[in-house]
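Each chain, letter by letter, is given below.
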Amino acid sequence: MNQISADYQTEAATKIAVAVPRPSRAVVAASASLDRSVGIVVCIPCFRRPQHLRRTLESLAVQRTGRRFAVVMVENDAMGCDSVPVAAEFLQAGRLSGLCAVEPRQGNCHAINAAFETAQAMFPAATNFLMIDDDEVASPDWLEHMVRAAETTSADLVGGPVFPNFDDDSKRGLRRHPAFWPAYDESGPVPVIYGCGNCLITRSVFARLADPTFDLRFNFLGGGDTDFFVRCRRAGMKFHWVAEAVITETVPDDRTNPRWLALRGLRIGAINYRIEVKAARSAWSRLKLAAKMLATLPWSLVRTGRLLVSEKAIIALHPMTVAAGSALAAIGIEPQPYKASKIVS
């Protein structure tokens, strides 16, 4: 075992206590000179998108900033490891500094937790941890905008917009769909952010809410990021939005068809229900929550009717699918899009 793997095993892999033995995470690639004194780390969970990951890393390699930063990539397909050769190429050529680890436990929350845990353990001086997905491309000033906002506003968490880049240009009208439109339009303090595909989290946040950071109950459903940010808000942490810190997300054709968008709405509804049910401590409060979720169904019909006046049906139907997702989750039915068997390469 090389020194990096040994360090990683001792500093990161033992952070999660488990009742039964499990395969260990392992560092499989690293840059030749790993500067562990950097103050900024960009985390990238990876799963079966090596060509997209290449574009992500290209965008990070050309960031316009004088700040030193490292990248931590986590391959979550332990059987295929298609992302590892791409990660190794950038690291070994010195285009980026950092490392790539394999997390053998599959699932969205496992991968993201592994990335943040590894970043904190391997870079003890780092105070700012950013995240970008492996199908996203950062604008040239993205990192500078995000870190500067954290420094000047003293925000605990910073978010920025993720705009869709459709493979099929004819689908551009879907930019207004809530599945693709950012939560905020202007820079400034915000009550909360919702997605981790463009975020910065300061180390102090992890110290207060980690172990694990993302709740594993959201592992295959998704929404572990929203749940985490809602917990941060309840803990009194400060959020800031940077409209200039733009990331674009590649949207393939199969994510623009009515079936996928309907499932996305159902998933959002299920996530909303699961987050609220976590806060409902008593059986009575959970019963009231279930009734509330069921009551949103008729109201969603009204909202859809209003939207049909000005929007395409595929956009107008979104409130209905979200309400249906919450109602189904209340009776124990929810999608699991982050299971490996549900993900198409």
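Residues numbered from 1 in each chain as written. Predicted model: local features only at pLDDT ≥ 70, side-chain atom pairs only at ≥ 80, totals over all residues. Heavy atoms only, no water.

S.K.: Would you mind going over the side chain of aspartate 134 with me for this structure?
M.R.: Checked against the element boundaries, aspartate 134 lands in the loop between strand S5 (128-132) and strand S6 (136-138). The exposure class assigned to aspartate 134 is buried, which follows from its relative accessible area of 1%. A polar contact of 3.0 Å, which involves the side chain of aspartate 134, links it to the backbone nitrogen of phenylalanine 47. Side-chain polar atoms of aspartate 134 contact the side chain of arginine 49, separated by 2.7 Å. Setting aside anything within four residues of it in sequence, one finds aspartate 134 in contact with Ile44, Pro45, Cys46, Phe47, Arg49, His52, Leu53 and Thr56. (Helix = DSSP H or I, 4+ residues; strand = E, 2+ residues; numbered from the N terminus. Buried < 20%, exposed > 50% of the residue type's maximum accessible area, 1.4 Å probe, protein only. Polar contact = N/O pair within 3.5 Å; in protein donor to acceptor, adjacent residues only side chain to side chain. Contact = heavy atoms within 4.5 Å.)

S.K.: Would you mind showing me how to read a nonpolar patch on the surface here?
M.R.: A contiguous nonpolar surface patch, about 280 Å² in accessible area, is contributed by Leu328, Ile331 and Ile333. Relative to the elements of secondary structure, isoleucine 331 occurs in the segment after helix H11 (318-330). (Patch = residues over 30% accessible without salt bridge, like charges linked within 9 Å, V, L, I, M, F, W, Y side chains within 5 Å. Areas by Shrake-Rupley, 256 points an atom, 1.4 Å probe, with all protein chains shown as cover. Salt bridge = Lys/Arg side-chain N within 4 Å of Asp/Glu carboxyl O.)

S.K.: How should helix H3 (residues 83-92) be read in this particular structure?
M.R.: Residue pairs three or four apart in sequence face the same way in an α-helix, which turns once every 3.6 residues. Counting buried positions along H3 gives seven out of ten residues, so the element sits mostly inside the fold. When we look at burial in H3, the residues that qualify are Ser83, Val84, Val86, Ala87, Ala88, Phe90 and Leu91. Looking at the buried side of H3, the elements it contacts are strand S1 (26-30), strand S2 (40-46), helix H2 (50-61), strand S3 (70-75) and strand S4 (98-102). Just beyond H3, the residue with positive phi is glycine 94, at close to 80°.

S.K.: What am I meant to see in the pattern of salt bridges here?
M.R.: When the charged atoms of two side chains with opposite charge come close together, those side chains can pair. The full count for this structure, using the stated rule, is 23 salt bridges. A salt bridge links glutamate 89 to arginine 54, with the nearest nitrogen and oxygen atoms 2.9 Å apart. Here glutamate 89 is found in helix H3, whereas its partner arginine 54 is found in helix H2, with 35 residues between them in sequence. Its relative accessible area of 26% is what places arginine 54 among the partly exposed residues. A salt bridge links arginine 274 to glutamate 334; the nearest nitrogen and oxygen atoms lie 2.2 Å apart. Of the two residues, arginine 274 is situated in helix H8 (residues 258-279) and glutamate 334 in the segment after H11; the sequence distance between them amounts to 60 residues.

S.K.: Even after reading the chapter, I still don't get the pairing of strand S8 (residues 162-166), so can you show me in this structure?
M.R.: The side chains of a regular strand alternate, residue by residue, between the two faces of the sheet. Of the two faces of S8, only one is covered, namely that formed by Val162, Pro164 and Phe166; the face formed by Phe163 and Asn165 stays uncovered. Bridging between S8 and strand S12 (residues 247-251) involves five bridges; their strand directions are parallel. Counterpart to phenylalanine 163 in the pairing with S12 is threonine 248. (Pairing = 2+ DSSP bridges.)

S.K.: Is there a simple way to explain the packing of aromatic side chains in this structure?
M.R.: Two descriptors summarise a pair of aromatic rings, namely the distance from one centre to the other and the angle between the planes of the rings. Under the defined criterion, the tally for this structure stands at ten aromatic pairs. Centroid distance phenylalanine 166 to phenylalanine 180: 5.3 Å. Interplanar angle 85°. Geometry classified as edge-to-face. You can see phenylalanine 166 sitting in strand S8 and its partner phenylalanine 180 sitting in the loop between S8 and strand S9 (188-190), a full 14 residues away along the chain. Each member of the pair, phenylalanine 166 as well as phenylalanine 180, carries the same accessibility label: buried. Ring centres of phenylalanine 214 and phenylalanine 228 lie 5.5 Å apart, and the angle between their planes is 40°; this geometry places the pair in the tilted category. Remark: phenylalanine 228 occurs in helix H7 (residues 224-234) and phenylalanine 214 occurs in the loop between helix H6 (203-209) and H7; sequence separation between them is 14 residues. The buried category is assigned to phenylalanine 228, whose relative accessible area is 0%. Against the face of phenylalanine 218 rests arginine 274, its NZ or CZ located 5.5 Å from the ring centre. Against the face of phenylalanine 220 rests lysine 339, its NZ or CZ located 5.6 Å from the ring centre. (Phe/Tyr/Trp six-rings, centres within 6.5 Å; stacked < 30°, edge-to-face > 60°. Lys NZ or Arg CZ within 6 Å of the ring centre and 35° of its normal.)

The values are spatial; any link to function lies outside them.
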